[in-house]
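# Analysis of the macromolecular model
The chain contents come next:
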Amino acid sequence: MTTTHTKAASAAAHRQISLIVQGEDRPGIVAAVTEVLSAHGANIASLDQYSDNPQGGAYFQRAVFTLADAPVRLPALEEDLGKRLAQDFHVQFTLRDLSVPKRVAIFASKTDHCLLDLLWRHRRGQLPVSIAMVISNHTDVAEEVRGFGIPFFHVPSAGPDKSAAEAEHLRLLKDNVDFVVLARYMQILSAEFIDQVGVPIINIHHSFLPAFIGAGPYAKAKERGVKLVGATAHYVTADLDEGPIIEQDVVRVTHAQTTADLMRHGADVERAVLSRAVLWHSEDRVVRNGNHTIVFA
């Protein structure tokens, strides 16, 4: 009889690995990938691909496979993939052990619905990440965050000069995180910070970009008589709210609903959109290509 301990040991020995391939499309890439993986005893669990033009356009692939004794065997597999893919097809690839969760820092302000939703989903095992810390420019959410067992750091960020706050952010983040999530963090990040942090940053925006930019978006939406309230999760770039979009969604509203109603519906959409974006990024399902993304959801 197989014991629970034996099953767990077997699962650990056969870890799931993600493989992301990106480059110019040409015949034989899929065959080359499967040939190398098979030669190393890997078992492909899923394989998705996309080409924006089969005649020499951009090619993207995400494969997930299991590999026995992965820590020992991955270096040789990576070397053989490099020889076959980089030399024969001139495409880039990355390998990652999915059993090792990505480390994330969450930035928040006073509005807490997105932050608490991520913490709750993480505690429920719905987000395969390690939350390294929560950083806020206010202390309003400190006790709730600590109640989840997550380190909380208060970094004030008032006035036009944010350099001291951003220097402290960089000190906290250095070598500790693989990506950052802005969960309704109501501060604009400088181009210098975005460049120096060195990891992807995901933001949630309270509309379908670029509509109703700035403060009071739901009041502006009410004034315009909108029929849809939406949210957009995107990667942060130096161009404000113009980074590659990961996920969007909407909910229908009517003329009879108040600004408070729109805010409530909007908060629901923001939570759902941000959690999906964080999940997909943590599972290597999002591939950036210029100012847009390919999402293998």
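As the structure is a computational prediction, the values presented were derived from the model and not from experiment.

### Section: the environment of Gly266
- Assignment of secondary structure puts Gly266 in helix 9 (residues 259-282).
- Ignoring anything within four residues of it in the chain, the contact list for Gly266 reads Tyr218 and Val229.

### Digging into the environment of Lys83
- Mapped onto the fold, Lys83 is located in helix 3 (residues 70-88).
- Classification of Lys83 by relative accessible area gives partly exposed; the value is 42%.
- A sequence separation of 164 residues divides Lys83 from Glu247, and the C-alpha atoms of the two residues are 35 Å apart.

### Some remarks on helix 6 (residues 163-173)
- Within the span of helix 6, buried status applies to Ala165, Glu166, His169, Leu170, Leu172 and Leu173. Buried residues of helix 6, viewed axially, fall in a sector of 160°; they line one side. Projecting away from the buried face of helix 6 at angles above 90 degrees are the exposed residues Ala164 and Arg171.
- Buried positions along helix 6 lie against strand 5 (102-108), strand 6 (129-136), strand 7 (152-154), strand 8 (179-182) and helix 7 (191-197).

### Considerations on the side chain of Arg62
- Within the secondary structure layout, Arg62 lies in strand 3 (residues 58-68).
- Buried charge without a partner: Arg62 forms no salt bridge, and the closest opposite charge is Asp48, 4.8 Å away.
- With near-sequence residues (within four places) excluded, Arg62 lies in contact with Leu19, Ile20, Ser46, Leu47, Asp48, Glu283, Asp284, Arg285 and Phe296.

### Notes on the pattern of salt bridges
- Counted under the stated rule, the structure contains 17 salt bridges.
- Within this structure, Glu35, Arg84 and Asp88 form a network of salt bridges that share partners.

### Let's talk about the environment of Leu173
- You can see Leu173 is positioned in helix 6.
- In sequence terms Leu173 and Ala105 are 68 residues apart; their C-alpha atoms lie 7.6 Å from each other.
- Ignoring anything within four residues of it in the chain, the contact list for Leu173 reads Ala105, Phe107, Met133, Ile135, Val180, Phe193 and Val197.

### Digging into the nonpolar core
- Counting residues in each nonpolar core, the largest one holds 33 residues, and the members touching the most others are Ile106, Leu115, Leu118, Leu119, Val134, Val145 and Leu274.
- Those elements giving two or more residues to this core turn out to be strand 5, helix 4 (113-123), strand 6, helix 5 (142-147), strand 8, strand 9 (201-205), strand 10 (228-235) and helix 9.
- Here this core takes six residues from helix 9, the largest share from any one element.
- Discounting chain neighbours no more than four positions away, the residues touching Leu274 are Cys114, Leu118, Val181, Ala183, Ile202 and Ile204.
- Within the second largest apolar cluster, 21 residues are counted, among which are Ile17, Val21, Ala32 and Ala70.

### Overview of unusual backbone geometry
- We note that His90 has phi near 55°; this positive angle belongs to a residue other than glycine.
- Tracing the backbone shows His90 in the loop between helix 3 and strand 4 (92-97).
- At Asp175, a residue that is not glycine, the phi angle is positive and equals roughly 65°.
- Relative to the helices and strands, Asp175 resides in the loop between helix 6 and strand 8.

### Regarding the sheet that holds strand 3
- The sheet built from four strands is open, its strands ordered 2-3-1-4 with antiparallel pairing. Pairing within the sheet leaves two strands with one partner each, and these edge strands are strand 2 (43-51) and strand 4. Each strand of the sheet is rotated relative to its neighbour by a mean of 15°, with strand direction disregarded.
- Two elements, strand 2 and strand 3, share eight bridges in a ladder whose sense is antiparallel. Counterpart to Leu47 in the pairing with strand 3 is Ala63.
- Across the sheet, helix 2 (residues 29-39) is in contact with strand 1 (14-24), strand 2 and strand 3; its angle to strand 3 comes to roughly 15°.

### Some points on the pairing of strand 6
- Burial runs high along strand 6: six of the eight residues are buried.
- Note that strand 6 and strand 7 share three bridges and pair parallel. Looking across to strand 7, one finds that Val134 is bridged to Phe152.

Cut-off values and rules
Residues numbered from 1 in each chain as written. Predicted model: local features only at pLDDT ≥ 70, side-chain atom pairs only at ≥ 80, totals over all residues. Heavy atoms only, no water. Helix = DSSP H or I, 4+ residues; strand = E, 2+ residues; numbered from the N terminus. Contact = heavy atoms within 4.5 Å. Buried < 20%, exposed > 50% of the residue type's maximum accessible area, 1.4 Å probe, protein only. Arc of directions from axis to C-beta. Lys, Arg positive; Asp, Glu negative; His and termini not counted. Salt bridge = Lys/Arg side-chain N within 4 Å of Asp/Glu carboxyl O. Core = buried A, V, L, I, M, F, W, Y, C linked by side-chain atoms within 4.5 Å. Pairing = 2+ DSSP bridges. Axes fitted to C-alpha atoms, helices over the stretch in contact; angles between N-to-C directions.

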